[in-house]
Amino acid sequence: MGSFIEINDTLRITKEQGFPKELDYKKHISVEGGYFNAKMFEGKVFEFKEKPAIRIFKIPPVRNFLVEYTEDGKWL
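Residues numbered from 1 in each chain as written. Predicted model: local features only at pLDDT ≥ 70, side-chain atom pairs only at ≥ 80, totals over all residues. Heavy atoms only, no water.

### With respect to unusual backbone geometry
- With an omega dihedral of 20 degrees, the bond running from Pro60 to Pro61 counts as a cis peptide bond.
- The backbone of Glu50 shows a phi angle near 60 degrees, a positive value even though the residue is not glycine.
- Within the secondary structure, Glu50 sits in the loop between helix 1 (25-29) and strand 3 (55-57).
- Using a relative accessible area of 62% as the deciding quantity, one classes Glu50 as exposed. (Helix = DSSP H or I, 4+ residues; strand = E, 2+ residues; numbered from the N terminus. Buried < 20%, exposed > 50% of the residue type's maximum accessible area, 1.4 Å probe, protein only.)

### Structural notes on the pattern of salt bridges
- This structure, assessed with the given rule, holds 3 salt bridges.
- With a closest N to O distance of 3.2 Å, Lys44 and Glu22 form a salt bridge. Highlighted residues: Lys44 in the loop between helix 1 and strand 3 and Glu22 in the loop between strand 2 (10-13) and helix 1, separated in sequence by 22 residues.
- On the accessibility criterion, Glu22 (37% relative accessible area) is partly exposed.
- We note a salt bridge from Lys39 to Glu42, for which the minimum N-O separation is 3.4 Å. (Salt bridge = Lys/Arg side-chain N within 4 Å of Asp/Glu carboxyl O.)

### Overview of the packing of aromatic side chains
- Counted according to the given criterion, the structure contains 1 aromatic pair.
- Ring centres 6.1 Å apart and planes at 45 degrees place the aromatic pair Phe41 and Phe46 in the tilted group.
- Taking the relative accessible area as the measure of exposure, Phe46 reaches 27% and is therefore partly exposed.
- Stacked on the ring of Tyr69, the Lys or Arg Arg12 has its end atom at 4.4 Å from the ring centre. (Phe/Tyr/Trp six-rings, centres within 6.5 Å; stacked < 30°, edge-to-face > 60°. Lys NZ or Arg CZ within 6 Å of the ring centre and 35° of its normal.)

Next comes the structure, spelled out in structure tokens:
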């Protein structure tokens, strides 16, 4: 009876759960101003898996954050 709905603006995932392998933090910070930009990922579809519970994200133009959860427990 009843349900739990969580609305998020941040998806915290590991590489194993689908964080894009091409988003490498060391590569990003090695270039002044950052290497990656939104244009590089236009039209690209990412698939995420093995997250417990259902999450609901707002659609654009509301921003959502993709955060890598590292082995040492930090967020990038």
